[in-house]
Every structure is written in structure tokens, then in C-alpha cells.
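# Structural features, examined
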Amino acid sequence: MRRPPDTLLTAPLVALTTSDLAYFAAGGALLGVTPFFVTGPLGAGPAAVGLAVGAFSATTLILRPLAGRWADRRGRRPLLIVGAALFAVLVAAHLLVTDLAWLVVLRLLLGVAEALYVVAGFAAVADLAPPGRAGEALSYNSLALFTGIATGPVIGQALLRLGGFSAVWGGVTLLLVLAALLAARVPETRPSAAAPVAPAPLIHRAALLPGLALFTGLAAVSGFLAFAPLHAARLGLDSWSAVPAVFGTVVVVCRLLFAKLPDRAPPLRLAAASLAATAAGLVCAAAVPAVWGLLLGATAVAVGTAFLTPAVFAAIFGRVPPAERGRAAGTASAFIDLGFSGGPLVLGLIAATAGIPAGFLAGAALTAGGAVVLGLRRRPAPCAPGAV
């Protein structure tokens, strides 16, 4: 694929980002509505909310490294299309759910689609970025993720009011069909020499420490996003979708204004500062029993989140060759799944026994620990191409 060497916003990157926008808007709608589906028609409590929200990430935790190998050997494009299409089929199947067990089964299967789509997407973004601008490309591309988080719950709440949960499942399915169609417009980006002769190890060493940082941050953030709507409703905020909307909007603004920062600042130090900001926001949301405290906390959490993922992946992709980007992305994104599955589950258990604010404080402690670990590590250890 020919292009000027410094061109960033190419047609393939725009097509991929637009597909991501539809995909993550669908995911945002599910994130906002699922807790009310669990506590409403299914008649379960906070612990069940954590189980249902986090269940899909348990599957992706296992499959992401495999998806990374497949992306390096078979290409990025097929995984993008199949992942989005499979997600659409499984969301449509929510129309048949009548108890918590079947919802959890579907959420586990959703993890298969998630693993394929997201790993291939990370690798494709790095392939499409000019040299030395992977962090900037990820910042712009991830606007789709956080725009989806901001608008998805609003879409979900509007559909819920319009036609109940059936309208939500149907509307989300249509968004995912659109994501699959847009993914089909993305050409194959895998370098021609990317397929190794022999199977490579699944776990890439260069992604381990940055991936651990990503886990601590996203576990806390996913737990916060899972329970912030319920907490907002209990504080008297009828438009509970305003909390994820504020979160997503702040992330989008930060990534637009500071898109080049992950390529210019030491990436792991930037990640440590991001974790510290997230911890401060969670403490605010827990300590102030008012809507303004929750919104202020969501803003601080969003500022931290805005820089965490681009910084982490800039650190990783700056240390691995193009032929290993799929495996590196698969390893790092496995930590994403560990965070997304473990965060809501653990915070749900804490919320069930000690209340939602106590869950927020637990998330703050986790991210503070991650910030300390990265802050004490002055530079990443050199890493030759390879894995453990």
C-alpha cells in the first residue's frame, strides 16, 4: 500500500476508526443497559451485575494471545469482519434471554468476538501509522472507543425508553452490522513478511510490564463504569447516562488536544501519571455523596484514561518489529480483558457487602499501586524481538 511517509489520516485508517465507532457505540449501549437488565427483568443484585458485565472478558483473556498469533499469520482484516459479525449475532440472541445463566453464557461467547475484533484493530492501527507516530494514531483511533462509551449509554437509554430491552438489543445489533460492513472496507495491513515460519510463543515479553499497568487502570475504570449509572440513580440523577457521557466526552477532548503527547513523553511515566489521576477521581467519586462529586470524579478518571492506553501501546509498539505486532497486541490486550472481567466482578462483590463507594475506593487502591510500580521503573528493560 503506497502513501506519503508522513500521512497519518489515510482512507484505511478512517474506515477502521469509523467501524470502531459503530462497534464501541454498541458496546457502550450494552455497558449502560446491562446492569438494569440484570437488576430488573432478571431480578438479580450487584454481584450478578459484576458477573454479567465482566463475563465476556474471561473468554477474551484466554483468546487474545491466540488472536494475536492469527493476526500475524492470517491477517488483520478477516478477524475484524468476523469479530464484528459474530458480536452482532450474539447480541441479537439477547432477545431470547430469560435468566442470568443464559445471559452469562452469551456474555462469555461475546468474548470470542471481542478478542478477534480488538486485537486485529490494534495491530492494524500500528500498521497504518507512519514510523514514530503509533501513539498519535492510537490516540485518534481511540476517539471512536470513547465516543462510543459516551454516546452508547445515551443510545441505550433512549432505546430502552422507546421500546424496552428488545429495542436495545435490536438497535445494538444494527450498529454491529454496520461495524462489520465498514470493517470490510479496510484493506489487509499485515506486512508481507509478517507470517513466521514456525509458530511463535503466544506471550510477548515486551508487553508484560506495560500490560500490567493497563490492567490496573482498566480494572478500576471498568468497575467504575459498571456501577456509576446505578450510583448516579441512587444519588437522584434520573439521566444516569450523563456520567458515562461526561467520562467519554472528557477522554475524547483530551485525546484530540494532546494526541501527540504519547509519542513525545516517556510513555511509561505518562502511564504512571494517568493511573494516579484515575485513582484521585475514584477517591472523589467515593468520598463525595453527591451528584457533583460523582461527575467530578468521572472527569478525573477520564483524564487518566485518556492517556493510559496510547502511552502503553506506544511503549509496546516502539519496541517490537512489525511482524510481531499482532502477538504484542494480543498479550497486552489480554491484560485489558483481565481488567474488564476482574474489575466489575471484584467491585461488584465489594459493592454487595460494603456499598458502591467502597468498590470505588478499592479501584483507587489498585490504580495507585500500578502508578507506584511504573513510577519506580525509570526505563523499560531492553527487549529483543521475542517472547517468554
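Residues numbered from 1 in each chain as written. Predicted model: local features only at pLDDT ≥ 70, side-chain atom pairs only at ≥ 80, totals over all residues. Heavy atoms only, no water.

## Quick word on the overall build of the chain
In plain terms, the rule: Every helix listed is a DSSP run of H or I at least four residues long, and every strand listed is a run of E at least two residues long, numbered separately from the N terminus. Only protein chains enter the accessibility calculation, which uses a 1.4 Å probe; a residue is then buried when its area is under 20% of its type maximum, exposed when over 50%, and partly exposed in between.
Counting secondary structure elements, the chain contains 13 helices and zero strands. Going from N to C terminus, the chain has its helices and strands arranged as α-α-α-α-α-α-α-α-α-α-α-α-α. In terms of its C-alpha atoms, the chain occupies a principal-axis envelope of roughly 55 × 45 × 35 Å. Counting all 388 residues of the chain, 57% fall into the buried class.

## Points about the nonpolar core
The test is simple: The term nonpolar core refers to a set of buried residues drawn from Ala, Val, Leu, Ile, Met, Phe, Trp, Tyr and Cys, joined through side-chain atoms within 4.5 Å. Two residues form a contact once any of their heavy atoms are found within 4.5 Å.
Among the nonpolar cores identified, the biggest contains 113 residues, and Phe224, Phe247, Phe313 and Phe360 are the most heavily contacted of them. By residue number, the principal contributor to this core is helix H4 (residues 100–128), which donates 14 residues. Once you skip the residues sitting within four places of it in the chain, Phe247 turns out to touch Phe146, Ile149, Val221, Leu225, Ala298, Val301, Ala302 and Thr305.

## Quick notes on the packing of aromatic side chains
Rule in force here: Two rings from Phe, Tyr or Trp (for Trp, the six-membered ring) form a pair when their centres sit within 6.5 Å of each other. Planes less than 30 degrees apart are called stacked, planes more than 60 degrees apart edge-to-face, and all others tilted.
Applying the stated rule across the entire model yields nine aromatic pairs. On the numbers, 5.1 Å between centres and 85° between planes, the contact of Tyr23 with Phe24 is edge-to-face. Its relative accessible area of 2% is what places Tyr23 among the buried residues. Through pairs of rings, three or more aromatic residues link up here, namely Tyr23, Phe24, Phe87 and Tyr117.

## Some thoughts on empty space enclosed by the protein
In this approach the atoms are scanned with a rolling probe the size of a water molecule, which exposes any empty space left behind. Note the threshold: Here a cavity is any set of points on a 1 Å grid over the protein atoms alone where a 1.4 Å probe fits but cannot get out, and a pocket is any open set with protein on both sides within 12 Å along at least 5 of 7 lines; a residue lines the site when it has an atom within 4 Å of a point. Grid points are joined across faces, edges and corners, and a volume is the space filled by probe spheres set on the points. Side-chain classes follow a simple rule in which Ala, Val, Leu, Ile, Met, Phe, Trp, Tyr, Cys and Pro form the nonpolar group, Asp, Glu, Lys and Arg form the charged group, and the remainder, Gly included, forms the polar group.
Going through the model one piece at a time under the given rule, you end up with one cavity of 30 Å³ or more. Considering the residues around the largest cavity, the lining is formed by 39 residues, among which Phe24, Glu114, Leu145, Ile149 and Phe340 are closest to the centre. Of the residues contributing to the lining of the largest cavity, the split by class is 26 nonpolar, seven polar and six charged.

## Some thoughts on the packing of helix H3 (residues 77–92) against H4
The criterion, for reference: Axes here mean lines fitted to C-alpha atoms, for a helix over just the part in contact, with angles spanning 0 to 180 degrees between N-to-C directions. Reported orientations rely on four angle classes, namely roughly parallel under 35 degrees, roughly antiparallel over 145, roughly perpendicular from 65 to 115, and oblique for the rest. Helix crossings get a hand from a simple test, with the near helix turned counterclockwise from the far one by less than a right angle marking a left-handed crossing and a clockwise turn marking a right-handed one.
In contact at an axis separation of 8 Å, H3 and H4 are set at 155° when each is read in the N-to-C sense. Here H4 runs roughly antiparallel to H3, going by the angle between their axes. In this structure, the crossing between H3 and H4 has a hand that is left-handed. Taken together, the residues of H4 that come into contact with H3 (itself represented by Leu79, Leu80, Val82, Gly83, Ala84, Leu86, Phe87, Leu90 and Val91) are Leu106, Leu109, Leu110, Val112, Ala113, Glu114, Leu116, Tyr117, Ala120 and Gly121. Split by residue class, the contact of H3 with H4 holds 16 nonpolar, two polar and one charged.

## Here we look at the confidence of the model for the chain
To keep things clear, this is the line we draw: What pLDDT conveys is the predictor's confidence in a given residue, as a value from 0 to 100.
Predicted confidence across the chain gives a mean pLDDT of 82, with 91% of residues reaching 70 or more. Within the chain, H3 carries the highest mean pLDDT (94), whereas helix H5 (residues 134–141) carries the lowest (76). The low-confidence segment residues 380–388 (pLDDT under 50) makes 22 contacts with residues lying over four places distant or belonging to another chain.

## Considerations on the pattern of salt bridges
Put simply, the test is: Put simply, a salt bridge is a Lys or Arg side-chain nitrogen that is within 4 Å of an Asp or Glu carboxyl oxygen.
Across all of its chains, the model carries two salt bridges by this definition. Among the ionic pairs, Arg76 bridges to Asp127, the shortest N-O distance being 2.7 Å. With Arg76 in the loop between helix H2 (46–74) and H3 and Asp127 in helix H4, this residue pair connects regions lying 51 residues apart in the sequence. If you follow the salt bridges from partner to partner, you end up with Asp72, Arg76 and Asp127 in one network.

## Points about the packing of helix H8 (residues 242–257) against helix H11 (residues 291–317)
Two numbers describe how H8 lies on H11: the axes approach to 8 Å, and their chain directions differ by 40°. Considering the angle they form, H8 stands oblique to H11. In the crossing of H8 with H11, the sense of the turn from one axis to the other is right-handed. Residue-level contacts link Ala242, Val243, Val246, Phe247, Val250, Val251, Cys254 and Arg255 of H8 to Leu294, Leu295, Ala298, Thr299, Val301, Ala302, Val303, Thr305, Ala306, Phe307, Thr309 and Pro310 of H11. Partitioning the contact of H8 with H11 into residue classes produces 16 nonpolar, three polar and one charged.

## A short note on the state of the cysteines
Just so we agree on the cut-off: Any two cysteine sulfur atoms lying within 2.5 Å of each other are counted as a disulfide.
In total, this model carries zero disulfides according to the counting rule given. Residue Cys254 stays outside any disulfide, its sulfur separated by 16 Å from that of Cys284, the closest cysteine. Look at Cys254 and you get buried, because its relative accessible area is 11%. Of the residues examined, Cys284 reaches a relative accessible area of 16% and is grouped as buried.

## Let's talk about the side chain of Thr189
Spelled out, the test is: Pairs of N or O atoms within 3.5 Å make up the polar contacts considered here, provided that, within protein, one atom can donate a hydrogen while the other can accept it, and that residues adjacent in sequence are counted only when both atoms are side-chain atoms.
By the element assignment, Thr189 lies in the loop between helix H6 (143–183) and helix H7 (208–234). Of the polar contacts made by the side chain of Thr189, one reaches the side chain of Asp127; its length is 2.9 Å. Ignoring any residue separated from it by four or fewer positions in sequence, one finds Thr189 in contact with Arg76, Ala124, Asp127 and Leu128.

## Looking at H8
For clarity, the cut-off: Helix span, expected: 1.5 Å multiplied by one less than the number of residues in the helix.
Here H8 is 16 residues long and its end C-alpha atoms lie 22 Å apart, about the 22 Å a rise of 1.5 Å per residue gives. Every buried residue belonging to H8 is among Val243, Pro244, Ala245, Phe247, Gly248, Val250, Val251, Val252, Cys254 and Arg255, and all of these are buried.

## Considerations on H4
The condition is simple: Bend angle per residue: angle between axes fitted to the 7 residues ending at that residue and the 7 residues starting there.
Taking 1.5 Å as the rise per residue, H4 with 29 residues should run 42 Å; its terminal C-alpha atoms sit 41 Å apart, in good agreement. By the largest-angle criterion, Glu114 marks the main kink of H4, which is about 25°. Counted residue by residue, H4 has 22 buried out of 29 residues, so it is predominantly covered. Two to three positions downstream of the cap, the backbone nitrogen of Ala101 sits 3.2 Å from a side-chain oxygen, assigning the N-cap of H4 to Asp99.

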